[in-house]
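The lines below spell out each chain.
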Amino acid sequence: MSARCCAGQLACCCGPAGCALCCGCCPKFRQSRSTRFMYALYFILVALLCCVMMSKTMPKEMKEHIPFYEDLCKGIKAGDTCQNLVGYSAVYRVCFGMACFFFIFCLLTLKINNSKSCRAHIHNGFWFFKLLLLGAMCSGAFFIPDQETFLNAWRYVGAIGAFIFIGIQLILLVEFAHKWNKNWTAGTASNKLWYASLALVTLVMYSIAAGGFILMAVFYTQKDGCVENKILLGANGGLCLLISLVAILPCVQNRQPNSGLLQSGLISCYVTYLTFSALSSKPVELVLDDRGKNVTICVPDFGQDLYRDENLVTGLGTTLLIACILYSCLTSTTRASSDALQGRYAAPELEVARCCFCFGPDGEDTEEQQNVKEGPRVIYDEKKGTVYSYSYFHFVFFLASLYVMMTVTNWFNYESANIETFFSRSWSIFWVKMASCWICVLLYLWTLVAPLCCPSRQFSV
């Protein structure tokens, strides 16, 4: 019995399936999804560790509840109160280790076409040893010599990588919009109700966008002053109108019949969200009233009430941040999204209209069911070829590590950053969000006008 248990534990450490899949009562799970889940779990652990390191109350709580805390800090040479293990510099070091971890696997898994090679087994297994490697790399970053030079250089590398990751997110959003419209439009040939669905969803999205801009004009502008907010709202609202008009131009429709108002409505909703998020992150403006007191303008009167419960807001914000990053990482590494990022799209005649078009059609696992072996209920779905690009998968997580580093440390306002003020107002966060908004619009416009600018090339969305 003990030998059997040891064999099971060894399979968890070195086998191609995650430890959670070693139990017979677990549902069937694809090997490709199991692998991505395990890497995502490692990413979540390090991201949560970074959030803990950015907490200004954590050192105090640990000092009160951990015996011999000060002696422990001195023993590991982390300062009298372990101040070297908290703050933005500690997050930079930990994220450096995680980024190096994913970058090494990115190089290690280049040009893997099936799961039978030795390098593919390393990618799909040895979870315990990879966890040790990740921990060692994150810990080893604290011993890099000349820390000041390292942090200054790594900060700019992190900013570049984070902006690239934002770009990938925006490209995926545009690709999602085109995929949505193409999938539902394919259903109109057999069922006219898809026309009603397209019209209803488009109307809802434009209503949300228009209502959002009206509310922002009411709460973030005043009759006198707030010139910057008025300009930004007018400019972004004008961009939403521009992309809507371009999407239905006859010359665009002739080259791209799948172009429509559904895509521009979704992009307009995202522009509305980013505009609201940017205005909420903008530092408040102070003016003197008639009594000579400083008062805030261009912000809602109820704005301060949203930040009273810091623990709730911080916990919810951190959860949403990690969830959005994981969604972008896992979505961008699917075969369809990878092809879209390279400009390759599925033929329209292969589309099958579905409400949940993000998922494959029912019954696609019929052939894969035969690959389920006794013991771990894992579907080995990569025997004929890899489902996703291993190398690209790790590269996206490498960029996500840099994005987490910059976001948690409040981008370029790192010295005063902490997780409790995650939603504090900052010019750097404001301009990052506004830049993301404008880049998203430009990317969508390019997908519309590219066939007109380059008529000799073949474009398909």
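What counts, and where the lines are drawn
- Residues numbered from 1 in each chain as written.
- Predicted model: local features only at pLDDT ≥ 70, side-chain atom pairs only at ≥ 80, totals over all residues.
- Heavy atoms only, no water.
- UniProt positions renumbered as here; feature names shortened; annotations may be inferred.
- Helix = DSSP H or I, 4+ residues; strand = E, 2+ residues; numbered from the N terminus.
- Buried < 20%, exposed > 50% of the residue type's maximum accessible area, 1.4 Å probe, protein only.
- Contact = heavy atoms within 4.5 Å.
- Axes fitted to C-alpha atoms, helices over the stretch in contact; angles between N-to-C directions.
- Parallel < 35°, antiparallel > 145°, perpendicular 65-115°, else oblique.
- Left-handed = near helix turned anticlockwise from the far one by under 90°.
- Nonpolar A, V, L, I, M, F, W, Y, C, P; charged D, E, K, R; others polar.
- Salt bridge = Lys/Arg side-chain N within 4 Å of Asp/Glu carboxyl O.
- pLDDT = per-residue confidence, 0-100.

An unreviewed UniProt entry annotates the protein chain as Serine incorporator 5 of Equus caballus. The Subcellular location (unreviewed entry) field of the UniProt record for the protein chain holds the comment "Cell membrane". Under the UniProt heading Sequence similarities (unreviewed entry), the entry covering the protein chain gives this text: "Belongs to the TDE1 family."

Now for the environment of Leu-233. When you line up the elements, Leu-233 lands in helix H10 (residues 227-247). Take Leu-233: its relative accessible area is 9%, and that puts it in the buried class. Discounting residues that sit within four places of it in the chain, Leu-233 has contacts with Phe-213, Met-216, Ala-217, Thr-221, Thr-275 and Leu-279.

Where helix H2 (residues 31-53) meets helix H7 (residues 127-140), the axes come as close as 12 Å, and the angle between the chain directions of the two elements is 30°. In terms of orientation, H2 and H7 fall into the roughly parallel class. Of the two possible hands of crossing, H2 and H7 adopt the one that is right-handed. Facing Thr-35, Met-38, Tyr-39, Tyr-42 and Val-46 of H2, the residues of H7 in contact are Trp-127, Phe-128, Lys-130, Leu-131 and Leu-134. Residues belonging to the contact of H2 with H7 are distributed by class as follows: 8 nonpolar, 1 polar and 1 charged.

Summed over the entire model, instances satisfying the criterion amount to 1 salt bridge. Its salt-bridge partner being Glu-228, residue Lys-282 comes within 2.9 Å of it at the nearest N-O pair. Here the residue Lys-282 occupies a position in the loop between helix H12 (261-281) and strand E2 (285-288), and Glu-228 occupies one in helix H10, the gap between them amounting to 54 residues. Owing to a relative accessible area of 44%, Glu-228 belongs among the partly exposed residues under this scheme.

On to the confidence of the model for the protein chain, then. In this model, the protein chain carries a mean pLDDT of 76, and residues with pLDDT of at least 70 account for 69%. Averaged pLDDT values for the elements of the protein chain fall to 49 in helix H1 (residues 2-14) and rise to 92 in H10. Every residue in residues 303-309 is under pLDDT 50, and counting partners more than four places away or in other chains gives 3 contacts. A low-confidence stretch, residues 361-375 stays under pLDDT 50, and its non-local contacts, those more than four residues away or across chains, total 17 contacts.

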